[in-house]
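Structural overview
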Amino acid sequence: MSHPIDPTTTRAWARLHDLHDGFTADFRARFAADPQRAERLSFTAGDLFVDLSKSYLDDDVRDALLELAEETGVAARRDAMLRGERINVTENRAVLHTALRRTADDTVEVDGHNVVTDVREVLERMYAFATKVREGSWRGVTGKAITTVVNIGIGGSDLGPVMAYEALLPYVKDGLECRFISNIDPTDVGETLRGVDPETVLFIVASKTFTTLETLTNARQARSWFLAQLAARGIQDAGAVAKHFVAVSTNLEKVAEFGIEPANAFGFWDWVGGRYSVDSAVGLSLAIAIGPEHFEEFLSGFRTIDEHFATAPTAENVPLLMGLLNIWYVNFFGAATHAVLPYAQYLHRFPAYLQQLTMESNGKRVRWDGSPVTTQTGEVFWGEPGTNGQHAFYQLIHQGTQLIPADFIAFANPVFALVDGDADQHELFLGNFFAQTKALAFGKTLDEVRAEGTPEEIVTAREFPGNKPTASIMAPALTPAVLGQLIALYEHITFTQGAVWGIDSFDQWGVELGKQMAKELTPAISGDAAALEAQDSSTRKLIEYYRAHRK
């Protein structure tokens, strides 16, 4: 890859500085002056309707941001990614999560090989296995059908499947349940397996190399629990593990050593990063839960946004515009965080999923050629579902001193249409969704507060400054296809930001040091006096406290 363009040296960056210096975030004035603002700044991408009219976007800013994308080569880098070039330069890998959702007749070549063929082969094996579990023909050691699927993974091998499973609960087959283990804290295994029947459980161990410390530690603990539970029932079967454990891995030797039949290992590739892998074999638990047909719909949603990102005109390209807006907020307005606020309880794990996607991708201090970045990169993504968040942290967004851009997500049709008398509960719910972005944009002036008869001494406390930037994302309903579209939208938003900043959004070296040190500290924790003495004073003191209080 060529050296990245320093965004701060571009003509567009200088133009954005000038625009920022003269920018007035007065939404009341902007909407009054431009009655077509909402029409002009609303867009569609697949089933997603995206309103950016309450963002810090106008024609001049949009044009300058699009010029910045052109000068920093965002489109060229996007096309290189889609072609299978090795844009993950620190690991010398292609970046082809988009190939995971291509149709069987597509071609994406890496080193002369069409990887789509491999993808579809694994998907067909996944679907065949999922069908056996769903129909009850895959049976456990005592001949009973599977009722509980336990996915053991960490990072993307957990956050993706659990988020998508929770989001698509209405599509889960009756009589099937998925549970998820990720934390190396033994409490996670203990609580997750509470009440599980060992005769009807299926474990999926998701680790590409089958060496991930946390995942394999939890997998061994789960295997011990499983065998102990069977033994307590008088069940002894040398092949029990093979009937209740499968793997998402390419290391067939270690899979077999664990007791899993290599034929029941489903692979994925080094050009799929963990945080981009929910639509690969990592999504096996989801495929079992919702079935192959709905999983294909899930993939089609990703593909819809991939095609939009690749082909839509730049001024209408939703992921591109939203990624560039984030650059505008971070680098010119000093926004350090970004809230994602789904008005859909099923998406309660979506902000946590986006934390890994965005922060592991763009939390970088050097560019892809190893040179230091020249500006701030990344932002802290966070959020909770509405309306719960309204009674927790919205105060800070409305009246605090920090600028916090926020994305609001909602759906026109609920899964459960509850009616209480004449009041539709979903309309009450969406009333809050509509009200929050309106209140954040337009606020309440001092005069309006006074006009309500508010005592003068508390007038300023009840003023809402408004002019807080938001984006609103709506869709007809939360379906498998729409969920795929939402995930792909944020994947490409993340890509756009990384491309402008000139960073490698697809490595994650920052997670390695702590893991390496954890292994090195084990002797000191276990009682090796020399190893303990070699530690810094703070670490030594903490280990001594632990050893003194461990029962």
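The residue numbers shown here count from 1 along each chain, following its written sequence. In keeping with the predicted nature of the model, local features appear solely for residues at pLDDT of at least 70, side-chain atom pairs appear and are counted solely at 80 or more, and the whole-chain, interface and lining totals rest on all residues. Side-chain metrics rest on all non-hydrogen atoms present in the structure, leaving aside hydrogens and water.

To define axes, lines are fitted to C-alpha atoms, for helices over the stretch in contact only, and angles between the resulting N-to-C directions are given on a 0 to 180 degree scale. Helix numbering and strand numbering both begin at the N terminus, where a helix is a DSSP run of H or I of at least 4 residues and a strand a DSSP run of E of at least 2. Packing of helix H13 (residues 292-311) against helix H19 (residues 480-501) leaves a shortest axis separation of 7 Å and a crossing angle of 35°. Relative to H19, the crossing made by H13 is right-handed. The segment H13 lies against H19, with His294, Glu297, Phe298, Ser300, Gly301, Phe302, Thr304, Ile305, Asp306 and Phe309 engaging Pro480, Ala481, Leu483, Gly484, Gln485, Ile487, Ala488, Leu489, Glu491, His492, Phe495 and Thr496. Three categories are distinguished: nonpolar for Ala, Val, Leu, Ile, Met, Phe, Trp, Tyr, Cys and Pro, charged for Asp, Glu, Lys and Arg, and polar for the others, with Gly belonging to the last. For the contact of H13 with H19, the per-class residue count stands at 11 nonpolar, 8 polar and 3 charged. By convention, the crossing between two helices is left-handed when the near helix turns anticlockwise from the far helix through less than a right angle, and right-handed when the turn is clockwise. In this description, contact between two residues means that some pair of their heavy atoms is separated by no more than 4.5 Å.

A few words on the packing of aromatic side chains. Under the pairing criterion, centres of Phe, Tyr and Trp rings, with the six-membered ring standing for Trp, must be within 6.5 Å; the plane angle then separates stacked pairs below 30 degrees from edge-to-face pairs above 60, leaving the rest tilted. By the definition in use, this model includes 37 aromatic pairs. Here the aromatic rings of Phe23 and Tyr56 are separated by 5.4 Å at their centres, their planes lie at 45°, and the arrangement is tilted. Taken together, the residues span a long stretch of sequence, with Phe23 in the loop between helix H1 (11-21) and helix H2 (27-33) and Tyr56 in the loop between strand S2 (48-51) and helix H4 (59-71) at a distance of 33 residues. Remark: exposure states derive from per-residue accessible area (1.4 Å probe, protein chains only) relative to the maximum for the residue type, with buried under 20%, exposed over 50%, and partly exposed in between. On the basis of relative accessibility, which here comes to 15%, the residue Phe23 falls in the buried class. Members of the aromatic cluster, each reached through a chain of ring pairs, are Trp13, Phe23, Phe27, Phe31, Tyr56, Trp328, Tyr329, Phe332, Phe333 and Phe442. The cationic tip of Arg77 hangs over the ring face of Trp368; the distance from NZ or CZ to the ring centre is 3.9 Å. Counted as over-ring charges are cases with an Arg CZ or a Lys NZ within 6 Å of the ring centre that also lie within 35 degrees of the ring normal. If you follow Arg78 out to its NZ or CZ, it ends over the ring of Phe309, 5.7 Å from the centre.

Attention now moves to the sheet that holds strand S14 (residues 470-475). The 6 strands lie next to each other as S1-S2-S14-S11-S9-S10, forming an open sheet whose pairing is mixed. A strand with exactly one partner marks an edge of an open sheet, and here the two such strands are strand S1 (42-45) and strand S10 (380-382). With direction set aside, neighbouring strand axes in the sheet form an average angle of 20°. At least two DSSP bridges between two strands are required for those strands to pair. Sheet topology note: the strand S9 (residues 337-342)/strand S11 (residues 406-411) ladder contains 4 bridges and is parallel. Its bridge partner lying in S11, Pro342 is registered against Ile409. Across the sheet, helix H14 (residues 318-333) is in contact with S1, S2, S9, S10, S11 and S14; its angle to S1 comes to roughly 130°. Across the face of the sheet, helix H17 (residues 425-442) comes into contact with S11 and S14 while running at roughly 155° to S11.

Strand order in the open sheet formed by 4 strands is S6-S5-S7-S8, and the pairing between neighbours is parallel. Both outer strands of the open sheet, strand S6 (177-181) and strand S8 (245-248), are each paired with one neighbouring strand and no more. If you compare each strand with its neighbour and ignore which way they point, the axes differ by 20° on average. By the bridge criterion, 4 bridges tie strand S7 (residues 201-206) to S8 in an arrangement that is parallel. Looking at the pairing, Ala206 lines up with Val248 of S8. Its contacts with the sheet put helix H9 (residues 213-232) on strand S5 (148-152), S6, S7 and S8, and the angle it makes with S7 is roughly 160°.

Right, let's talk about the UniProt feature "active site" (unreviewed entry) in the protein for a bit. UniProt positions are given in the numbering used here, feature names are shortened, and annotations may be inferred rather than shown by experiment. Within the UniProt annotation, "active site" (unreviewed entry) is assigned to Glu360, His391 and Lys515. Look at the named residues: they lie 156 residues apart in sequence, and the longest C-alpha span between them is 36.9 Å, so in the fold they stay spread out. Within the secondary structure layout, His391 lies in the loop between S10 and helix H16 (394-399). On the basis of relative accessible area, His391 is assigned to the exposed category, the value being 74%. Mapped onto the elements, Lys515 comes out in helix H20 (residues 512-526).

With that settled, the discussion passes to H9. For a helix, the expected span equals 1.5 Å multiplied by the number of residues minus one. Taking 1.5 Å of rise per residue, 20 residues should cover 28 Å, and H9 covers 29 Å from first to last C-alpha, within 8% of that figure. Looking only at H9, the buried set comprises Glu214, Thr215, Leu216, Asn218, Ala219, Ala222, Trp225, Phe226 and Leu230. Following H9 by one or two positions, Gly234 adopts a phi angle in the positive range, close to 75°.

What follows deals with the pairing of S7. Counting buried positions along S7 yields 6 of 6 residues, so the element is predominantly enclosed. Burial of S7 is two-sided: the residues Val201, Phe203 and Val205 facing one way and the residues Leu202, Ile204 and Ala206 facing the other way are all buried. Alignment of S5 against S7, held across 5 bridges, turns out to be parallel. Opposite Val150, over in S7, you have Phe203 as the bridge partner.

Here we take up the packing of helix H15 (residues 350-362) against H19. The interhelical angle for the contact between H15 and H19, taken along N-to-C directions, is 25°, at an axis separation of 10 Å. Taken as axis vectors, H15 and H19 run roughly parallel relative to one another. The chirality of how H15 crosses H19 is right-handed. On the side of H15, the interface is formed by Phe350, Tyr353, Leu354, Leu357, Thr358, Ser361 and Asn362, while H19 contributes Leu486, Ile487, Tyr490, Glu491, Thr494, Gln497, Gly498 and Trp501. In the contact of H15 with H19, the residues fall into 8 nonpolar, 6 polar and 1 charged. Angle categories: roughly parallel below 35 degrees, roughly antiparallel above 145, roughly perpendicular from 65 to 115, and oblique for all the rest.

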